[in-house]
Amino acid sequence: MNPRSLLPLLVPCLGCLPSPPSLPGQTSTESGTTNTSTATSVEPTDSGPASGTTEVGGEGSGGSTTEGTGVDSTDGGDTTGQQDFCGRPEAIFIFDDPELFPVGDDPGVLAVGPFIGNDDDPDIAVVNGDNLGSRVDILRGQGILSGFISEEPIPMTEGAHGAAVGNFDGSPTHELAVLGRHEWRIYGPDPDSSNSLLLRATGSLGRDRGFSMAAVELLGDDADELVIAGGVTDDALGWVDVIQQPISGPMGLRTLIAAGQDSARVAVGDFNGDTSLDLVLPNTDPAGMLESHFIDVVFNESTPGAPSFQRLSMPSNGAPWGVAAMDLDGDGFDDFVVGHTGGGLSDKDPLPPLQLFFGDGEGGFTETTLAHTSIQTAVEVADLDCDGDLDIITGGTGELVLWRADGPGNFDPTNTDSLVVDSHLISDIAVADFDLNGRPDIVASLIDEGDVVYFEAD
């Protein structure tokens, strides 16, 4: 769905195997100075930048157009867009002591939206595990009462890989889509119960191994499409499926070809100014088959009844993982931020900076970087201090870093705050007004702790 409308209060082609892409050459980036930012430590309780500019891409550059195949089929960040949460005047970052909500042993992707409880309170789905016995945990939001209630988890027998909240049938309610290794499912709220879900649709991928998913309206049909990114085991080939009308049908399987083995996240924005939403996927090459990491922007050039997409591949300065998109610099064109799990293809490569890609509204981007001292596996964007400028939230090992914008699109590493979570590894971040007080709250999954940590804005 259009991520901006999800929460008013928030966030295979069956026979064609693409060849690995010919990536554009790495452009140079001027090095700058790394500044050390100050941090404010917050312990959980139980219950100057490296600078540079690089012009990247342009309208119609990099990649070929792949038309939808129209194959019938019954087949995620995860996309939660950022809205205007601020029901109060400008304020500094103030968060209450965090609360911990236990989930499974291996929490990862978070999907946020009002999908259970027959109300508008934001709920959380927590993707948990990549093995037998995996599941998707459900935390039902309590709105003005604050906090969450754990409901019956959704078992996933072959691994849980993604989740997304969307409106797949055009009805007033939202549904929860979940992704396993070889299947997807869609659940909707049970009208007769405030704490349960009903299975609405399910399908197989038709290709080995799904990695991530999103819910977004791409084809102008007034309902969300199900977007699934995946790869082929022990191969460098990757794919993106766009499934139209996954609940009501007839279901058309539209296939995009995306290079890369491991697109762990999907973000959404209008990157070429045509008012249609596009996709951005970080592609990590874990086996070194392509000998590079890169980022795919998939431009949506579809018209009603005629799906059409074009891919632009751009080099990444490390192993990309977290991604978030929004208009950071306030120029009316969407931008995106990419965090990394590490350096290049070797563990000895230096830790790369955050990559910021500022869109020009015509499919081109200007890249800048922000230096930091930790891996950044999770990235989110929101106006946390209600000053009208979008801030960046990143998570890695031991802390959430809040990068305060000093004017639209202007970030300084000396102007940050930190929310410390001991030494735990953060897998994903989501922002929403969970307690309905007009301020954006933050949740993060702690992959080595088995908890979701909740920072409530004061």
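In what follows, the accompanying structure is described. None of the values given here were measured: they were computed from a predicted structure.

**A short note on the nonpolar core**
At step 1: Formed by 19 residues in total, the largest nonpolar core has its most connected members in I393, L400, I426, I429, I442 and F455.
At step 2: Listed by contribution, the elements that provide at least two residues to this core are strand 25 (378-382), strand 27 (397-405), strand 28 (411-432), strand 29 (441-446) and strand 30 (451-455).
At step 3: For this core, the leading source of residues is strand 28, giving five residues.
At step 4: A125, V127, I138 and V178 belong to the second largest nonpolar core, which has 17 residues in total.

**Some words on the pattern of salt bridges**
At step 1: Across all of its chains, the model carries eight salt bridges by this definition.
At step 2: Two residues, R200 and E175, come together in a salt bridge whose shortest N-O distance is 3.9 Å. Of this pair, R200 sits in strand 12 (residues 197-204) while E175 sits in strand 10 (residues 175-180); the two residues are 25 residues apart in sequence, bridging distant segments of the chain.
At step 3: The class of R200 is partly exposed, set by a relative accessible area of 37%.
At step 4: The residue R404 makes a salt bridge to D417 at a minimum N-O spacing of 3.6 Å. One end of the pair, R404, is in strand 27; the other, D417, is in strand 28, with 13 residues separating them in the sequence.
At step 5: Residue class for R404 comes out buried when judged on its relative accessible area of 18%.
At step 6: Residue class for D417 comes out partly exposed when judged on its relative accessible area of 22%.
At step 7: Residues participating in the shared-partner salt-bridge network are D169, E175 and R200.

**Some details on the packing of aromatic side chains**
Aromatic ring pairs are defined here through the distance separating the ring centres and the angle between the ring planes.
At step 1: Within the structure shown, the criterion is met by 10 aromatic pairs.
At step 2: Between F101 and Y454, the ring centres sit 6.4 Å apart and the planes meet at 55°, which makes this aromatic pair tilted. One end of the pair, F101, is in strand 4 (residues 99-102); the other, Y454, is in strand 30, with 353 residues separating them in the sequence.
At step 3: Relative accessible area serves as the criterion here: at 1%, Y454 is assigned to the buried category.
At step 4: Three or more aromatic residues joined by ring pairs form one cluster here, namely F101, F148, F434 and Y454.

What counts as what
Residues numbered from 1 in each chain as written. Predicted model: local features only at pLDDT ≥ 70, side-chain atom pairs only at ≥ 80, totals over all residues. Heavy atoms only, no water. Core = buried A, V, L, I, M, F, W, Y, C linked by side-chain atoms within 4.5 Å. Buried < 20%, exposed > 50% of the residue type's maximum accessible area, 1.4 Å probe, protein only. Helix = DSSP H or I, 4+ residues; strand = E, 2+ residues; numbered from the N terminus. Salt bridge = Lys/Arg side-chain N within 4 Å of Asp/Glu carboxyl O. Phe/Tyr/Trp six-rings, centres within 6.5 Å; stacked < 30°, edge-to-face > 60°.

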